[in-house]
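# Summary of structural features
Listed here are the chains, written in short residue letters.
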Amino acid sequence: MNKNIVVIEGDGIGPEVTRQSIKVLNAIAEQFGHEFDYRYCLMGADAIDKTGNPLPDETIEAALNSDAILFGAIGHPKYDNDPTAKVRPEQGLLKLRKSLQLFANIRPINSYPSLHHLSPLKTKNIEDVDFIIYRELTGGIYFGKKETNAEGTIAFDDCIYSKEEIERIAHLAFKQAQQRRKKLTLVDKANVLETSRLWRKIVKEIATQYADVTLDFLFVDNAAMQIILNPKQFDVVLTENMFGDIISDEASVISGSLGLLPSASIGSGSALFEPIHGSYPQAAGKDIANPIGSILSAAMLLDHFGLHKEAQLIRTAVMWTLDNGFVTKDIDPVNFYFTSTIGELISDFVSNKIPVDVNKENIELRKSTII
Ligand code: IPM
Ligand code: MN
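Residues numbered from 1 in each chain as written. Chains lettered and ligands numbered in written order. Predicted model: local features only at pLDDT ≥ 70, side-chain atom pairs only at ≥ 80, totals over all residues. Heavy atoms only, no water.

## Observations regarding the site of ligand 1
This is how it is decided: By convention in this text, a residue qualifies as near a molecule or strand provided that one of its non-hydrogen atoms is within 4 Å of it. Whenever two N or O atoms come within 3.5 Å, that pair is a polar contact, provided that in protein one can donate a hydrogen and the other can accept it, and provided that, for residues adjacent in sequence, both atoms are side-chain atoms. Throughout, the Shrake-Rupley method with a 1.4 Å probe supplies accessible areas, and for residues the shown protein chains are the sole cover considered. Three classes are used: nonpolar for Ala, Val, Leu, Ile, Met, Phe, Trp, Tyr, Cys and Pro, charged for Asp, Glu, Lys and Arg, and polar for all others, with Gly counted as polar. Note: domain ranges come from an automatic or database domain assignment.
Around ligand 1 lies a shell formed by Ile74, Glu90, Arg97, Arg107, Arg135, Tyr142 and Asp245. A distance of 2.9 Å separates an oxygen atom of ligand 1 from a polar side-chain atom of Arg107. Take Arg135: an N or O atom from its side chain is 2.8 Å from an oxygen atom of ligand 1. With the chains in place, 79% of the 320 Å² that ligand 1 exposes on its own is no longer accessible. Classifying every residue of the shell around ligand 1 by side-chain character gives two nonpolar, no polar and five charged. Composition of the shell around ligand 1 by domain shows at least three residues from each of domain 1 (1–105 + 258–371) and domain 2 (120–255).

## Notes on the pattern of salt bridges
Formally: Within this document, salt bridges are pairs made up of a side-chain nitrogen of Lys or Arg and a carboxyl oxygen of Asp or Glu, the two lying within 4 Å of each other. Helix and strand assignments follow DSSP, with helices taken as H or I runs no shorter than four residues and strands as E runs no shorter than two, numbered in order from the N terminus.
Considering all chains together, one arrives at 19 salt bridges under this definition. For Asp49, the salt bridge is made with Lys78, and the minimal N-O distance between the two is 3.4 Å. Remark: Lys78 occurs in helix H4 (residues 77–80) and Asp49 occurs in helix H2 (residues 45–51); sequence separation between them is 29 residues. Several salt bridges share partner residues, and in doing so they unite Asp130, Arg180, Arg181 and Asp235 into one network.

## A closer look at the pairing of strand S12 (residues 271–275)
Note on strand geometry: in a regular strand, side chains alternate between the two faces of the sheet. As a reminder of what qualifies: Each residue gets one of three labels from its accessible area relative to the maximum for its type: buried under 20%, exposed over 50%, partly exposed in between, using a 1.4 Å probe on protein chains only. At least two bridges found by DSSP between two strands is the condition for calling them paired.
Extensive coverage of S12 is indicated by the burial of five of its five residues. Burial along S12 is two-sided: Ala271, Phe273 and Pro275 and Leu272 and Glu274, pointing in opposite directions, are all buried. Sheet analysis places strand S3 (residues 68–73) next to S12, joined by three bridges and oriented parallel. Considered in S12, the bridge of Leu70 is made with Phe273. In terms of strand pairing, strand S11 (residues 262–266) meets S12 through four bridges, oriented antiparallel. Directly across from Pro262, in S12, lies its bridge partner Pro275.

## Concerning helix H10 (residues 241–255)
Defined as follows: Multiplying 1.5 Å by the helix residue count minus one yields the expected span of that helix.
For H10, with 15 residues, the first-to-last C-alpha span of 22 Å sits near the 21 Å given by 1.5 Å per residue. Listed in full, the buried residues belonging to H10 are Asn241, Phe243, Gly244, Ile247, Ser248, Glu250, Ala251, Ser252, Ile254 and Ser255. One side-chain oxygen of the residue at the start of H10 lies 2.8 Å from the amide nitrogen of Met242, identifying that residue as Glu240.

## A closer look at the domain arrangement of the chain
Which entries qualify depends on this criterion: In what follows, residue pairs with any heavy atoms lying within 4.5 Å of each other are defined as contacts. By convention, the term buried area covers the 1.4 Å-probe accessible surface removed from two parts as they join, with the contributions of both added.
Per the domain assignment, the segments of the chain are domain 1 (1–105 + 258–371) and domain 2 (120–255). On a C-alpha basis, the centres of domain 1 and domain 2 stand 25 Å from each other. Taken residue by residue, the interface counts 14 residues in domain 1 and 15 residues in domain 2. With both chains or domains summed, domain 1 and domain 2 bury close to 1,400 Å², and 64% of this area falls on carbon and sulfur atoms. For the domain 1 face of the interface with domain 2, the top three residues by lost area are Lys98, Phe103 and Asn105, together amounting to 43%. One can count zero salt bridges joining domain 1 with domain 2. Where domain 1 touches domain 2, the interface holds four residue pairs in polar contact (both at pLDDT 80 or more). When contributions to the side of domain 1 that touches domain 2 are tallied by element, the ones reaching two or more residues are helix H5 (89–99), strand S4 (104–110) and S11. If one sorts the elements of the side of domain 1 that touches domain 2 by residue count, H5 sits on top with three residues.

## Considering helix H3 (residues 57–64)
Short version of the rule: It is the directions from the helix axis to the C-beta atoms whose arc is reported.
What H3 keeps buried is the set Thr59, Ile60, Ala62 and Ala63. All buried residues of H3 project into a common sector of 165° when viewed along the axis, lining one side. Away from its buried face by more than 90 degrees, H3 exposes Asp57 and Glu58. Looking at the buried residues of H3, the elements they touch are strand S1 (2–10), strand S2 (35–40), S3 and H5.

Structure (structure tokens):
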């Protein structure tokens, strides 16, 4: 299979984690006889520094013409702490989501037995957690009219949703639920918000087309608590843009590290794959960030191409590293391996280059390939 992939390394740890995914994708290509062509494009603070624009037109053009986009991370503290900044890195990502109509952001949440001890939650509550969040990504408060008055004393952000915006993601979420444990939970704030009442009405109507799926509803404040108290109850969670942003970071504590979680953003054309973590500027360039969120995003990219065997091999390789204690600093602050080492181990596993009797002591820090 030949595919054109646009790679946007982005800011902070984005470049170093994305490079590990490229190593792994190259190993997959070689192993299975595929050809992946990469085109590198700019977005975020990196793009502002180089071009003055967080999303240059060439990037939009290349993304529109690609088969998929692999993205690293976005954001820089110099903008976070400056409320007066006119141009912000995040505008690049939001504009790209809108330009490609990436209306559904899909975030799987799992727990890994070898990492249960890392979660602040009790092991008995997180064992076998397996749910998936469908977050609406191109509407709501993120994209409504926003303004500050001339005196700088009053500001507003409009939250708007249309029937069509709710329907298209709801269908995807119901279809996903049909493939899984057939339960869909709509998270909203229908006791207060008009937009949430519209979500409820439309999702209820659509539910009649998916009679095998059980639909239930949770207010977002309650959902935030339930995700911590009893995450096993969830199968597919459907929600609007901002609630999805918040509860997916919250849900990441179940797996033990935000660095492990991948995501896919899909629409009608090319889809985008990115780890859910941010740019983690404190770690940038230190080779300590966890590349697994990005590598599992690459696995979701392969699934999107219909390359399920290939995607599964990556997931098996990731499990192998975690089970054997080959982990980054976020997971084990004492005995940790570097970002690049984990990337090499996973790509070596994919290429069948890991001996059965792999000796941990021989995998020196930064020298993973010398086994
Ligand atoms: C995410 C991020 C983005 C969001 C930011 C960087 C704009 O937090 O993808 O979850 O809020 O959507
Ligand atoms: Mn977020």
